[in-house]
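# Examining the three-dimensional arrangement
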Amino acid sequence: MVEDESRLGQLYPGASTRARVMEVAPRFFDPYRGRGTPPQDWDQACWSPSRQGILSDTVSRHHWERYLFASHFYSDLVIDVACGVGYGTHLLYGMGATILGIDIDKQAIEFANKDYPGPNYVQCDLREIPELGKFETVLAFEIFEHLDNPRVLLDAAQECLSDDGILYLSTPNEVRYPFVPEERVFEEYPHFRHYTPDQLDALLVDGGFKVVSRWCQRTKKNCAVTPGLDGMFLVYMAEKTIV
């Protein structure tokens, strides 16, 4: 644990230890909202609605760890694409971001407005993003793998980002987390594919972005965002290229 705290202090400016992050984050990110005792192990993370509206599913720590990572780098005006039920959007809002969360799922947006108030939330399609205004930061965590045509997202990000805007994204690493179509058959929002680092690099360059830095999360439990590509999840920072 000491080693992990030291690494966090080096990687995330302003967060000297994981203990400090755990002290600060729950004030804005209270996953249980009075429904029970928060787990001792934050790997259990937060409630989210099932498609039947029952609070039963959980979102693991590796999901909100990406938002903690982004919280130390974002510029002020942020759009969180595929925000889901809003736990990460709310976390950044509590840390001072002017942030808009969007998702295609009506129920998720209703839940976000009710249980994670503060940020603005909008139900919309990716193609509608440019109509929402200009932003300095686009967050696109765990969405590329759900898109049969990821250029739709990249084109929207190009239009809505300011000239020096940054895209933060994450997606499963095909090298360490191979895509198995049979495991996704019954998902409402299935994965279409996973990406190798080279494939993700090429996709971003083709979409008009320059990769600024490459990070990863090694596993779902050992999920601090660290430099490199040797992990189950790739976490990239990419800068809009001015043509």
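Below is a summary of the structure that appears in this document.

Attention now goes to helix H7 (residues 197–206). Pro197, Leu200, Asp201, Leu203 and Leu204 are the residues of H7 that are buried. All buried residues of H7 lie within an arc of 165° about the axis, which places them on one face of the element. Along H7, exposed side chains directed more than 90 degrees from the buried face belong to Asp198, Val205 and Asp206. Those residues of H7 hidden inside the fold are in contact with helix H6 (151–160), strand E7 (161–172), strand E8 (209–217) and strand E10 (233–240). Just beyond H7, the residue with positive phi is Gly208, at close to 95°.

Another point: the sheet that holds E10. One open sheet accounts for eight strands, arranged E5-E4-E3-E6-E7-E10-E8-E9; its pairing is mixed. The open sheet is flanked by strand E5 (120–123) and strand E9 (226–227), the only strands paired with a single partner. Sheet contacts for H6: strand E3 (77–81), strand E6 (135–141), E7, E8 and E10; angle to E7, the most-contacted strand, approximately 150°.

Glycine aside, negative phi is the norm for most residues, and most peptide bonds take the trans geometry. One non-glycine residue, Ala82, adopts positive backbone phi at about 60°. Along the chain, Ala82 turns up in the loop between E3 and helix H4 (87–94). A relative accessible area of 29% places Ala82 in the partly exposed class. Backbone geometry places Glu142, a non-glycine residue, at a positive phi of 55°. Since its relative accessible area comes to 14%, Glu142 is described here as buried.

Cut-offs applied
- Residues numbered from 1 in each chain as written.
- Predicted model: local features only at pLDDT ≥ 70, side-chain atom pairs only at ≥ 80, totals over all residues.
- Heavy atoms only, no water.
- Buried < 20%, exposed > 50% of the residue type's maximum accessible area, 1.4 Å probe, protein only.
- Helix = DSSP H or I, 4+ residues; strand = E, 2+ residues; numbered from the N terminus.
- Arc of directions from axis to C-beta.
- Contact = heavy atoms within 4.5 Å.
- Pairing = 2+ DSSP bridges.
- Axes fitted to C-alpha atoms, helices over the stretch in contact; angles between N-to-C directions.

Remember, this is a structural readout, not a statement about activity or role.
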